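For reference, the chains in residue letters:
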Amino acid sequence: MFKTTSLISTRTISGGIEQAPFAHTSVYFFAALTALPLLVLLSSFLDTDAQIWAHLRRYVLPQISLNTLLLTVGVAALTAVLGVGLAWLTAMFRFPGVRFFAWGLMLPLAMPAYVLAFVQTGLFDFGGALRELAYTLGLADWLPNVRSLPGTIMIMTGAFYPYVYLLARNAFLTQGQRALEVGASLGLSPRQAFFRVALPLARPWIFAGVLLVVMETLADFGVVAITGVDTFTTAIYKSWFAFFSLPTASQLACLLMLLALVLLVLEQRTRKARRYLPTGRQAMIRRQKLHGWRAAACFAVCTAVLLIVFVVPVLQLSVWAWQESQGEFDWRYFGFAWNSLSVSLMAAAIVLSVAWQIGRVQRQQVSPAMNWAIRISTLGYAIPGAVLAVAIFLPMAWLDTRAAAWLDGSCWFSGSLVALLAAYAIRFMAVGAGPMQAGWQRISAHHDMISHSLGVSGFALFRRVHWPLLRMPALTASLLVFVDVMKELPITLMMRPFGWDTLAIRIFEWTSEGQWQQAALPSLLLVLVGLLPVYLLARQRDDKF
């Protein structure tokens, strides 16, 4: 039975689990911190600029709405086809290189979408290596224009398909062999069994993966800024820095946030639908060995995808970085790299500390109020970075205005490192909380009860029981948040302290001026840093099957 604890007491036990008043307080505080920018965004409708909105309705909103819709639908459809197709090949068949492709096809996760965008632009744009080669061969008319809506869709598909691939492959591997055997006994061919048995069973996973892709597409700013396609995120940025109208930017952000919240609710309902599927080693898939042209075709498809979206871009980045290093080396790289590393480490530490408390509290039987606090705490991932930046900047600017009389007009809150870290924590709390919640759920009350019967409690219980079981989830959460913060662009661009640049900011500034070679070194560093956690996650997942 749930037992209410006092903030004064240091440790009580309920249901065999030590209660943690500090953990409850931490979760409530962070939920309030997350709810504040949401309320600020909604309150912006109290101050509407009729002149700016008239301009937006006539010249901006129709085009950005159409672009956002076409971009979202196009990326969702192509990532579904590519991700599901590759997942089916690597999960169900044996062909040369399949063990490598099983995790190698996840490598594009390590590459930020905006890096892939400027590399592809540099390759295919006028003066690019592939464009010049196509002119020589007389094939220039067949090359796609990356600075267009179709080109943007192709780039985002290459960057985001691993989300669908990961979930769909997990679904195919865990849905079991029996369902396919029943289909075969009813006279279904392998092709019919895929469309009528395997695909419907995997639909919740695929739907969840596509929804993640849709949310990433809606939140993207770097790719559309490079390719010149106007969407809601670019409109928010222009409203703030071109029209100097924070209320208008926040009102546009509300529209985007509303759509993201609807998608989040759909994604949560999809998660519930996963429970009916069987799992376990006895339900494992028996992979079919391919021979001849079928094996060669599967190898060629997987190789082509990996070459286009990862190997060739990394090689191009390496060439540009080498050429740049032959000229005058910019020693400011060390400062940019230190800023990126330090802020990523600090953000990972903050997120991990709060996520640890969220998982600890959720392990216990909690009140409805605490359940809502946990949900609100992890809601930030549903809010695009540009939207969240606007929502946090507004209360910080209000505090600066009120405190100006005592602080000689200086801005102590907006544009500070504290505000930047708060935005990171709100945005990526769901990324860190997921592994920690799963880790705490593996520690049952029996672990604590047995430890208490042996006289182990308090810090000794943490050191000897909890930490060994939570070490890997904590490491996973830290790595994921660290890589995400290293790659993050909109929040850093809009909220960083004046003159405080990171690798991501320098990439954006150089690419916005078309200076691909100067952007290569920091881009290559970002990719290399992201490879380690992606590799570890891929190997960990593959070892389960």
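Parameters at a glance
Residues numbered from 1 in each chain as written. Predicted model: local features only at pLDDT ≥ 70, side-chain atom pairs only at ≥ 80, totals over all residues. Heavy atoms only, no water. Helix = DSSP H or I, 4+ residues; strand = E, 2+ residues; numbered from the N terminus. Buried < 20%, exposed > 50% of the residue type's maximum accessible area, 1.4 Å probe, protein only. Contact = heavy atoms within 4.5 Å. Areas by Shrake-Rupley, 256 points an atom, 1.4 Å probe, with all protein chains shown as cover. pLDDT = per-residue confidence, 0-100. Axes fitted to C-alpha atoms, helices over the stretch in contact; angles between N-to-C directions. Parallel < 35°, antiparallel > 145°, perpendicular 65-115°, else oblique. Left-handed = near helix turned anticlockwise from the far one by under 90°. Phe/Tyr/Trp six-rings, centres within 6.5 Å; stacked < 30°, edge-to-face > 60°.

Undergrad: Even after reading the chapter, I still don't get the overall build of the protein, so can you show me in this structure?
TA: Looking only at helices and strands, the protein has 22 helices and four strands in total. Each of the 545 residues in the protein was classed as buried or not, and the buried ones make up 54%. Taking the contacts inside the protein whose residues are at least 6 apart along the sequence as the reference set, 82% of them involve residues at least 24 apart. Of the accessible surface of the protein, which amounts to about 26,100 Å², a share of 65% is contributed by carbon and sulfur atoms.

Undergrad: Would you explain the confidence of the model for the protein in this entry?
TA: It should be kept in mind that the predicted coordinates are not to be read in detail where pLDDT is low. On average, residues of the protein score 79 in pLDDT, and 87% of them reach the 70 mark or higher. For the stretch residues 1–11, pLDDT sits under 50, and the model shows 21 contacts to residues farther than four places along the chain or on other chains. In the model, residues 275–282 has pLDDT below 50 throughout and makes nine contacts with residues more than four positions away in sequence or in other chains.

Undergrad: I would appreciate a short explanation of the packing of helix H14 (residues 332–362) against helix H15 (residues 368–377) in the present structure.
TA: The relative placement of two packed helices comes down to the angle between their axes together with the axis-to-axis distance. Here H14 crosses H15 at 150°, and the two axes come no closer than 11 Å. Comparing their axes, H15 and H14 come out roughly antiparallel. The handedness of the crossing between H14 and H15 comes out as left-handed. Together, Ile 358, Val 361 and Gln 362 of H14 and Met 370, Ile 374 and Ser 377 of H15 make up the contact between the two elements.

Undergrad: Just checking my understanding: could you explain the packing of aromatic side chains for this structure?
TA: Aromatic ring pairs are described here by two measures, namely the spacing of the ring centres and the angle between the planes. Across all of its chains, the model carries 16 aromatic pairs by this definition. With a centroid separation of 6.3 Å and an interplanar angle of 40°, the aromatic rings of Phe 462 and Trp 467 are classed as tilted. Judged by its relative accessible area of 29%, Phe 462 falls in the partly exposed class. Taking relative accessible area as the criterion, Trp 467 reaches 33% and is therefore assigned partly exposed. Aromatic rings pair up to connect Trp 88, Phe 93, Phe 172, Phe 194 and Phe 195 into one cluster.

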